[in-house]
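If you want the building blocks of each chain, they are given just below.
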Amino acid sequence: MPHHLFKCSECIPERKQHAVIKGLGETLADALPLGYLNTIPGSISERGCAYCGAKHVIGTPMKDVIHLSHGPVGCTYDTWQTKRYISDNDNFQIKYTFATDMKEKHIVFGAEKLLKQTMLDAFKAMPHIKRMTIYQTCASALIGDDISAIAQEVMDELPEVDVFVCNSPGFGGPSQSGGHHKINIAWINQKVGTFEPEIKSDYVINYVGEYNIQGDQPIMDDYFKRMGIQVLSTFTGNGSYDDLRGMHRAHLNVLECARSAEYICNELRKRYGIPRLDIDGFGFGPLGASLRKVALFFGIEDRAKAIIDEETARWKPELDWYAARLEGKKVCLWPGGSKLWHWAHVIHDEMKLNVVSVYTKFGHQGDMEKGISRCEQGALAIDDPNELEGLEAMDMLKPDIIFTGKRPGEVAKKIRVPYLNAHAYHNGPWKGWEGWVRFARDIYNAIYSPIHELAKLDISKDEIPADKGFVTRRMLSDVNLPDEIRNSATMRPYSGDYDCLPNYMGKTYPYMEKTPAPSTAA
Amino acid sequence: MDDLRTERIEQLLDYIMKKCLWQFHSRAWDRKDQNENILTKTKQLLCDEKVTLETPADRCYWVDAVLLAEAFRERYGWLGGLSRDDIADIMQGLHDRLDYLTITGSLNKELTDQHY
C-alpha cells in the first residue's frame, strides 16, 4: 500500500504519511495513514475543535438539559439550524442555546459571577428543566474560572437541579475527538451511579454511540423494544440526563460508534462489570447480524429472527430497485468519522456502489484500519485532508457522488460532483431497514438529478445543447437497464412516508417474559 | 499443502477484516483478548466442541463466534471436508495471522497509548 503525496502538498512532504492507496495483496501492516495528530502547520484543516466535539457532537443530543457554554457567544454557533440531533421533547436541547457571552472585561477580571448569574437566569427562564451541562471554552479555560465550584454553589441554592461540568476547551485536543474523550470520561466520573433507574425488563441495555441523527434512535429503539429489551439509556441521542446517570444498572452495553464511545463502555466494563458488544447499525445484513447478536446474548434469538424476516420481506424489493440503478457508480466516502467504516463495505455489498476513496477528519488510526479493510482495492484513504487535497482527489478519482459534510460538500458541488450530507443526512433517518432504503433513495436522487446534468456543463467552454427536452431521474437511470429490471414486477422504489417517524411515536409494546438463557452452547 | 493452508487462512481472514469489527478494539491488550476468545470459541463451534459460558464477557465472545462460525460454514464449503485437527490447525493459523495484522505487526501507533 503506497503512501500518496498530493501535488498540492509537495511543499508539505509530511502530508505523504497521511494518505495511502489500497493496493493489491497488501495489508494494514504495509502502510497505514497517520492520524489524530496536530494538523501540520501550512495545511488548512477541516476539523472541529475539542469543545465542538464535547458539546455539539456528544453532549447536545442529551434532550432534557440546558446546555450552557461558558464563553463567547460565538462558540454556541452550532445549534438549531446546523445540527439534526432531534429529540422527542420538542427538540428542547437544540431549539434553545445558552451562553455566558464572555467579553474582554471578563477575561481580565474573571467570569465566575457572570457564570453563576447566567445559570440562575437559565433555570428561571426554563422552570420545567432541572438539568444543566456547562461546557468550558478556550476563553474560560485560559482564565481558570472554577466552573465546578460555581456549579456546586448553584446546586446548593437550588436543590432540585443537577449540573454536569465538562472541561473540554477548544484547544484540548487536535480535533473534536479529544472532546469526545473528555466528556465521556467526565460523565463516567461525575454522574454514572448517581441515579437509580426503573428497571422494566429482564433484558436491559445501554445503547452507546447513537446520536439520533434525523430520528435514527427511535428506529433502533423500536427493534429493541420489539424484542422485549429495555434501552436503559442511549448515549446520547434523544437520551435523558437521569437515564444516563443510571447506566450502571444495564446488563449489556451495545456499542455502535468509536472511539470515545469505546472508552465509556470500557469504563463501565471495568467499574461495573457490564460486558460490551459491538454492533453495526447500517445495512440490511449488518443490522440483522447486530440484532441477532444482542438477542443471542440474552437467549432470545427467535425474537430477532422474526424482526429480520419481517423487515427484509417489506424492504428488500425497494433496496434492490435502487441497487440495480446504482451499480458501478463511484463514491468518495468522506464522512469525517465512524461512517467511513460503517458504510464502506455495505454500500458496496447492498447498493452495488464502488468506494473509490475514504477519509476521516477527526478519526484515529483505528478508524482507518477498519475503513481500509472494508473498502475496495485502489481506494485512496486520506487522514485530515484539506480543501486542495480534496479537490485534487476528486479530479483524479472522478466520483459520481460524494458523502461528506457541508463544507467539503459545497466545494464538491462547485466542481459538479453531487453530494449527500454524511453527518446530518439529507432525508433521514438512514438507520434500520426502511432508513437504508431512504439512504439509497437519496443517493439515487442525487446522482440522477436532472439539474446535475445541467450543472455538469461548463458555460465558459461547453456548448449548451438547445435540443434537450424534459427529463426525469427515471429517464436518466433506466436508459441502459435490461427490460427485466426496468419492468420488474417485484422491485419498486421507496414506498414509505415522506416523514416516517410518526409511525414509531406512541407505539406500545407488550411485556415479554424472560426466556431461560442457555448456559452452554453446542 | 502449505499453499492450500495459507490460501484457506487468507479466505477466512478476508471475511473477518471485511465484515467484523471486534478485531479492531482500541488497545493492544483488548485486541489480544478479543482475538483469543472469539477465535477459540469459533474453533470450538466448528469442531462441535462444548463452549463454556461462565461470565457475561464469555457470552459476548460467544455471540461473535456463533455468527463467525455460521458465516464460515456458509461461505467456505471446504471446511465441511476437514477433520477436527485440520480445522484446529487452520484456526490457529488464522489466529496467528490476525494477531500479526492487528497487534504485533500493526502500524497503529495508538495501540499502546496509556492515555485514552
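Residues numbered from 1 in each chain as written. Chains lettered and ligands numbered in written order. Predicted model: local features only at pLDDT ≥ 70, side-chain atom pairs only at ≥ 80, totals over all residues. Heavy atoms only, no water.

Named according to an unreviewed UniProt entry, chain B is Nitrogenase iron-iron protein delta chain originating from Desulfolutivibrio sulfodismutans. Regarding chain B, the relevant UniProt record gives this comment under Function (unreviewed entry): "The key enzymatic reactions in nitrogen fixation are catalyzed by the nitrogenase complex, which has 2 components: the iron protein (component 2) and a component 1 which is either a molybdenum-iron protein, a vanadium-iron, or an iron-iron protein." (UniProt positions renumbered as here; feature names shortened; annotations may be inferred.)

As annotated in an unreviewed UniProt entry, chain A is Nitrogenase protein alpha chain from Desulfolutivibrio sulfodismutans. Here is the UniProt Catalytic activity (unreviewed entry) comment for chain A, exactly as written: "N2 + 8 reduced [2Fe-2S]-[ferredoxin] + 16 ATP + 16 H2O = H2 + 8 oxidized [2Fe-2S]-[ferredoxin] + 2 NH4(+) + 16 ADP + 16 phosphate + 6 H(+)". Among the UniProt annotations of chain A, the heading Subunit (unreviewed entry) holds the following wording: "Hexamer of two alpha, two beta, and two delta chains."

### What to know about the pattern of salt bridges
Residue and element names in this part refer to chain A. What the rule picks out here adds up to 49 salt bridges over all chains. Arg441 serves as the salt-bridge partner of Asp442, at 3.6 Å between the closest nitrogen and oxygen. Considered together, Asp442 and Arg441 belong to a single accessibility category, that of buried residues. Here Asp483 and Arg486 are joined by a salt bridge, their closest N and O atoms 3.8 Å apart. With Asp483 and Arg486 both in helix α21 (residues 483-486) and 3 residues apart, this pair spans about one turn of that helix. Residue classification places Asp483 among the partly exposed positions, given a relative accessible area of 48%. Taking relative accessible area as the criterion, Arg486 reaches 32% and is therefore assigned partly exposed. In the salt-bridge network here, residues are joined through shared partners; they are Arg131, Asp162, Lys191, Asp242 and Arg245. (Salt bridge = Lys/Arg side-chain N within 4 Å of Asp/Glu carboxyl O. Buried < 20%, exposed > 50% of the residue type's maximum accessible area, 1.4 Å probe, protein only. Helix = DSSP H or I, 4+ residues; strand = E, 2+ residues; numbered from the N terminus.)

### Observations regarding a nonpolar patch on the surface
Where nonpolar side chains cluster on the molecular surface, the patch consists of Ile107, Val108 and Phe109 of chain A and spans about 360 Å² of accessible area. When you line up the elements, Val108 of chain A lands in helix α3 (residues 104-109). (Patch = residues over 30% accessible without salt bridge, like charges linked within 9 Å, V, L, I, M, F, W, Y side chains within 5 Å. Areas by Shrake-Rupley, 256 points an atom, 1.4 Å probe, with all protein chains shown as cover.)

### Brief notes about the domain arrangement of chain A
Residues and elements named next belong to chain A. As assigned here, chain A comprises domain 1 (50-190) and domain 2 (204-308). Computed from C-alpha coordinates alone, the two centres of domain 1 and domain 2 are separated by 26 Å. Each partner contributes to the interface: domain 1 provides 25 residues, whereas domain 2 provides 23 residues. In this assembly, domain 1 packs against domain 2 so that about 2100 Å² is buried in total across both faces, 57% of it on carbon and sulfur atoms. Three residues stand out in domain 1 for area buried against domain 2, namely Asn184, Trp187 and Ile188, and they jointly supply 29% of the buried area on that side. Linking domain 1 with domain 2 are 2 salt bridges, by the criterion used here. (Domains from an automatic or database assignment. Contact = heavy atoms within 4.5 Å. Buried area = accessible area lost by both parts, 1.4 Å probe.)

### Observations concerning the pairing of strand β10 (residues 330-336) of chain A
Residue and element names in this part refer to chain A. The buried fraction of β10 amounts to 6 of the 7 residues, a majority that puts the element mostly inside the structure. Looking at chain direction, β10 and strand β11 (residues 354-360) are connected through 5 bridges and run parallel. Note on β11: the bridge partner recorded for Leu333 is Val358. (Pairing = 2+ DSSP bridges.)

### What about the sheet that holds strand β4 (residues 131-136) of chain A?
Paired through backbone hydrogen bonds, the strands of a sheet run either parallel or antiparallel to each other. All names here are of chain A. The strand order across the open sheet built from 4 strands is β3-β2-β4-β5, with neighbouring strands paired in parallel fashion. Two strands close off the open sheet at either side, each with one partner strand: β3 (98-99) and β5 (162-166). With 2 bridges joining them, strand β2 (residues 66-70) and β3 adopt parallel strand pairing. Within β3, the position partnered with Leu68 by the bridge is Phe98.

### Describing the side chain of Thr60 of chain A
If you trace the backbone, Thr60 of chain A turns up in the loop between α1 (50-59) and β2. A distance of 2.5 Å separates a polar side-chain atom of Thr60 of chain A from the backbone oxygen of Lys55 of chain A. (Polar contact = N/O pair within 3.5 Å; in protein donor to acceptor, adjacent residues only side chain to side chain.)

### Side note on the packing of helix α12 (residues 301-326) of chain A against helix α18 (residues 432-447) of chain A
Residue and element names in this part refer to chain A. One way to put it is that α12 packs onto α18 with a least axis distance of 9 Å and a crossing angle of 10°. Judged by the angle between their axes, α12 and α18 are roughly parallel. When α12 is examined against α18, the residues Ile307, Ile308, Glu311, Thr312, Trp315, Glu318, Leu319, Trp321, Tyr322, Arg325 and Leu326 are found in contact with a partner set consisting of Trp433, Glu434, Trp436, Val437, Ala440, Arg441, Ile443, Tyr444 and Ile447. Partitioned by chemical class, the residues of the contact of α12 with α18 number 14 nonpolar, 1 polar and 5 charged. (Axes fitted to C-alpha atoms, helices over the stretch in contact; angles between N-to-C directions. Parallel < 35°, antiparallel > 145°, perpendicular 65-115°, else oblique. Nonpolar A, V, L, I, M, F, W, Y, C, P; charged D, E, K, R; others polar.)

### Quick look at the packing of aromatic side chains
Residues and elements named next belong to chain A. A full pass over the atoms with the stated rule returns 26 aromatic pairs over all chains. On the basis of an interplanar angle of 20° and a centroid distance of 4.4 Å, the ring pair of Tyr425 and Trp430 is categorised as stacked. Note on accessibility: Tyr425 and Trp430 belong to one class, buried. Grouped by ring-pair contacts, the aromatic residues Phe282, Trp343, Phe403, Tyr425, Trp430, Trp436 and Phe439 constitute a single cluster. When the ring centre of Trp315 is taken as origin, the NZ or CZ atom of Arg314, which lies over that ring, is 3.8 Å away. Here the basic side chain of Arg325 rests over the ring of Trp321, its NZ or CZ set 3.7 Å away from the ring centre. (Phe/Tyr/Trp six-rings, centres within 6.5 Å; stacked < 30°, edge-to-face > 60°. Lys NZ or Arg CZ within 6 Å of the ring centre and 35° of its normal.)

### Some remarks on the environment of Tyr241 of chain A
All names here are of chain A. Structurally, the position occupied by Tyr241 is in helix α9 (residues 241-245). A relative accessible area of 0% means that Tyr241 is categorised as buried. Distance in space between the C-alpha atoms of Tyr241 and Val65 is 6.9 Å, their sequence separation being 176 residues. In this view, Tyr241 contacts Met62, Asp64, Val65, Arg131, Met132, Thr133, Asp162, Val163, Phe164, Trp187 and Lys191; residues no more than four positions away in its chain are not counted.

### Some remarks on the sheet that holds strand β9 (residues 276-278) of chain A
All names here are of chain A. Spatially, 4 strands are ordered β7-β6-β8-β9 in an open sheet, and the strand pairing comes out parallel. The open sheet is flanked by β7 (229-236) and β9, the only strands paired with a single partner. The average angle at which neighbouring strand axes cross in this sheet is 25°, direction not considered. Here strand β6 (residues 203-210) runs beside β7; their pairing, made up of 7 bridges, is parallel. Looking across to β7, one finds that Ile205 is bridged to Val231.

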